[in-house]
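Structural characterization, general
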Amino acid sequence: MTVPICPICSGTEFREFRGRENAWCVGCHSLERTRYIWLYLTKLNILSKSSVVFHFGPEKGVSNKIAEIVDAHNYYPLDLFPQTYSGNQVLPYKFDICNDIAHEPDSSVDLLIANHILEHLPVSVDWVIAEFARLLKPGGSMILSVPMTSNPATVEDLSDLPKNERIKRFGQEDHWRVFGWREFPAMLERVLAAETIVRRDEHFTDSDLHRAAIPIETVGHPTSNTLFHFVRNERTSRRFERSTDGRLVRLRA
């Protein structure tokens, strides 16, 4: 039987987390989706010293690894509550996606990571995804994961629900939605006009995943650990346009 080894810190001690065996790495506190992000970045050799990286909700272990590769002035770990990262090796900048993203320049980012971020935003997810894509340079990558249910449809409520009701419906008091395994990939393909879901057989074997303590089903049927990867097309003139009021309105060739 393969002994799990964390691809981030090389730790071999894992603990149960919310009923999931071997989910939490004792060494770097990574979860399955965090280890999968790092495996994916290294497997595809996406990072370089000159990469401009926007990393929302920067996970400790991955953030430290990215900071070892990317020049400090090119790496932007970002969070609405940077004070919660006190003591971390890499401290994030304060950033409010709902209000700040629209002010960032077009085609300025090589890699954007948003790992379990979209459920926290009380705005249109379509709009956020389009804004993320607008930031990418030609050939730039956006990598996402979201909380996923066994239901095909996304459930969302942007009204002022009581905290206990939000916990009951979406799992946490600061969640505004939970994503459906069919509707979320379909939304990405509609907004981005691209095939976005990562397939396991393109990049990883069962052994690769077992060794990193990542569930095999992560890259088959979409789950909360599945990565979605969009690359902005270098070969077309496709671009994101804004209306006169500054809102992003459509993706146009």
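Here is what the cut-offs are and how they apply
Throughout, a residue's number is its position along its own chain's written sequence, starting from 1. pLDDT decides what is reported in this predicted model: residues at 70 or higher carry local features, side-chain atom pairs at 80 or more are listed and counted, and totals for whole chains, interfaces and linings draw on all residues regardless. Note: side-chain values were computed over all heavy atoms of the structure, leaving out hydrogens and water. Exposure is judged per residue with a 1.4 Å probe applied to protein chains only, and the accessible area is read against the type maximum: over 50% gives exposed, under 20% gives buried, and values in between give partly exposed. Note on conventions: DSSP H or I runs of at least 4 residues are helices, E runs of at least 2 residues are strands, and numbering of each starts at the N terminus. Residue contacts are counted whenever heavy atoms from the two residues lie within 4.5 Å of one another. When DSSP finds two or more bridges between two strands, those strands count as paired. Each residue carries a pLDDT score, the predictor's own confidence in it, on a scale running from 0 to 100. Only four residue types enter the tally: Lys and Arg on the positive side, Asp and Glu on the negative side, with His and both chain ends excluded. Any carboxyl oxygen of Asp or Glu within 4 Å of a side-chain nitrogen of Lys or Arg constitutes a salt bridge here. Polar contacts here mean pairs of N or O atoms no more than 3.5 Å apart (in protein, one a potential hydrogen donor and the other a potential acceptor; neighbouring residues in sequence count only if both atoms are side-chain atoms).

Right, let's talk about helix α2 (residues 60–69) for a bit. Looking at α2, one finds that the buried residues are Gly61, Val62, Ser63, Asn64 and Ile66. If you follow the buried residues of α2, they end up packed against α1 (32–43), β3 (53–56), β4 (75–79) and β6 (109–115).

Right, let's get into the sheet that holds strand β9 (residues 155–156). Read from one edge to the other, the open sheet built from three strands follows the order β8-β10-β9, with strand pairing classed as mixed. In this open sheet, the two edge strands, each paired with only one partner strand, are β8 (148–149) and β9. One ladder, built from two bridges, connects β8 with strand β10 (residues 177–180); its direction is parallel. Note that in β10 the partner of methionine 148 across the bridge is phenylalanine 179.

This prediction gives the protein a mean pLDDT of 89; 89% of its residues lie at or above 70. Long-range and interchain partners of residues 243–253, a stretch whose pLDDT sits below 50, account for 28 contacts in this model, where long-range means more than four residues apart.

On to the side chain of aspartate 79. Mapped onto the secondary structure, aspartate 79 falls in strand β4. In this structure, aspartate 79 is buried with no salt-bridge partner, the nearest side chain bearing the opposite charge being lysine 94 at 7.8 Å. One polar contact links the side chain of aspartate 79 to the main-chain amide nitrogen of phenylalanine 81, over a distance of 2.7 Å. Aspartate 79 has contacts with Gly57, Pro58, Tyr85, Pro92, Tyr93, Lys94 and Phe95, leaving out every residue within four places of it along the chain.

What follows concerns the pattern of salt bridges. A side chain with one charge may pair with a side chain of the opposite charge, provided their charged atoms come close. Inspection of every chain in the model, using the stated rule, returns ten salt bridges. With a shortest N-O distance of 2.7 Å, glutamate 32 and arginine 20 are connected by a salt bridge. Here glutamate 32 is found in helix α1, whereas its partner arginine 20 is found in strand β2 (residues 20–25), with twelve residues between them in sequence. For arginine 20, a relative accessible area of 29% corresponds to the partly exposed category. Residues joined in a network through salt bridges with shared partners are Asp106, Glu131 and Arg134.

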